[in-house]
Amino acid sequence: MLRALLLALRQLDDPAFAAPLFKGALGAALALLALAAACSAGIAWLAEGQAGWIAAIAPWLGGAAGLLLAWWLFLPVMVAIAGAFAGEVSTAVERRHYPGLPPPEGASVAAQAWWSVRFGLRMALVQLLLLPLLLVPVVGFTIALAISARWLGIGVLEGTAQLRMTTQAAEAARRARPGQTWLLGLALALLGLVPVANLLVPVLGTAAATHLLHRSNE
């Protein structure tokens, strides 16, 4: 798994990564800003009719709560973004490192899109259910991160595998690599907690997952 991540990092300067990276960063920024704005507006609406000072600070409290929620929900957002641009990144990796591969014949676009939507919603629900654990110092956060890492690894690896196989075969390929899946998810989850650096998660995750799928013994 470490080898796959290192290979992905070394290819970050590939011009083919530029467009997915830019579009992914833009998509993440818009999604998270929309979430923060929605929280701010929601709390302001709930505070209507309250004392003046409560109504005045409500939008600010809502915005802060929205940013915190957006930070925690960044991982499912990244899974969705990675799925949208996985093809471009995976193609660039295969072109450089595995030029002898036959053309990909993966799941249909509709099947991939439906899987991404369902998985993204399930992961978002899991992230929301894990929120109370963040109130428990160290132990709670560690447990939440470990669970999030598992889901993130599943999302990135299966989503990438579907570019070359059916959704059922992609699930089987992921199940054959339980340790690698979790370690990949953990590395990406840790990176996802770092502002700005977290924008690299979709590209790095897809590139590393591509290597894992073609280097089953590493």
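Residues numbered from 1 in each chain as written. Predicted model: local features only at pLDDT ≥ 70, side-chain atom pairs only at ≥ 80, totals over all residues. Heavy atoms only, no water.

Scanning the chain for helices and strands turns up nine helices and zero strands. A burial count over the chain gives 42% of its 218 residues as buried. Considering only contacts in the chain between residues 6 or more positions apart, those separated by 24 or more positions represent 81%. (Helix = DSSP H or I, 4+ residues; strand = E, 2+ residues; numbered from the N terminus. Buried < 20%, exposed > 50% of the residue type's maximum accessible area, 1.4 Å probe, protein only. Contact = heavy atoms within 4.5 Å.)

Our next topic: the packing of helix H1 (residues 2-10) against helix H9 (residues 201-214). Contact pair H1 / H9: the axes reach a minimum separation of 8 Å and the direction vectors enclose 130°. Considering the angle they form, H1 stands oblique to H9. Here H1 and H9 pass one another in a crossing that is right-handed. Across the interface between the two elements, Ala-4, Leu-5, Leu-7, Ala-8 and Leu-9 of H1 pack against Leu-204, Ala-207, Ala-208, His-211 and Leu-212 of H9. For the contact of H1 with H9, the per-class residue count stands at nine nonpolar, one polar and no charged. (Axes fitted to C-alpha atoms, helices over the stretch in contact; angles between N-to-C directions. Parallel < 35°, antiparallel > 145°, perpendicular 65-115°, else oblique. Left-handed = near helix turned anticlockwise from the far one by under 90°. Nonpolar A, V, L, I, M, F, W, Y, C, P; charged D, E, K, R; others polar.)

Turning our eyes to something else, we now look at the pattern of salt bridges. Opposite charge on two side chains lets them pair, provided their charged atoms get close. What the rule picks out here adds up to five salt bridges. Glu-94 is paired through a salt bridge with Arg-164; the nearest N and O atoms lie 2.8 Å apart. Of this pair, Glu-94 sits in helix H4 (residues 74-97) while Arg-164 sits in the loop between helix H6 (139-161) and helix H7 (167-175), placing them 70 residues apart in sequence. Arg-164 sits in the partly exposed class, given a relative accessible area of 23%. (Salt bridge = Lys/Arg side-chain N within 4 Å of Asp/Glu carboxyl O.)

The terminal C-alpha atoms of helix H8 (residues 178-192), which comprises 15 residues, lie 21 Å apart, in line with the 21 Å expected from a rise of 1.5 Å per residue. Among the residues making up H8, those that are buried are Gln-180, Thr-181, Leu-184, Gly-185, Leu-188, Ala-189 and Gly-192. Along the axis of H8, the buried positions cluster into a sector of 165°, meaning they face one direction only. (Expected span 1.5 Å × (residues − 1). Arc of directions from axis to C-beta.)

In this fold, Thr-160 is placed in helix H6. Non-local contacts of Thr-160, meaning those with residues more than four positions away in its chain, are made with Ser-90, Thr-206, Ala-209, Thr-210 and Leu-213.

Note that all results are geometric; they support no functional claim without further evidence.
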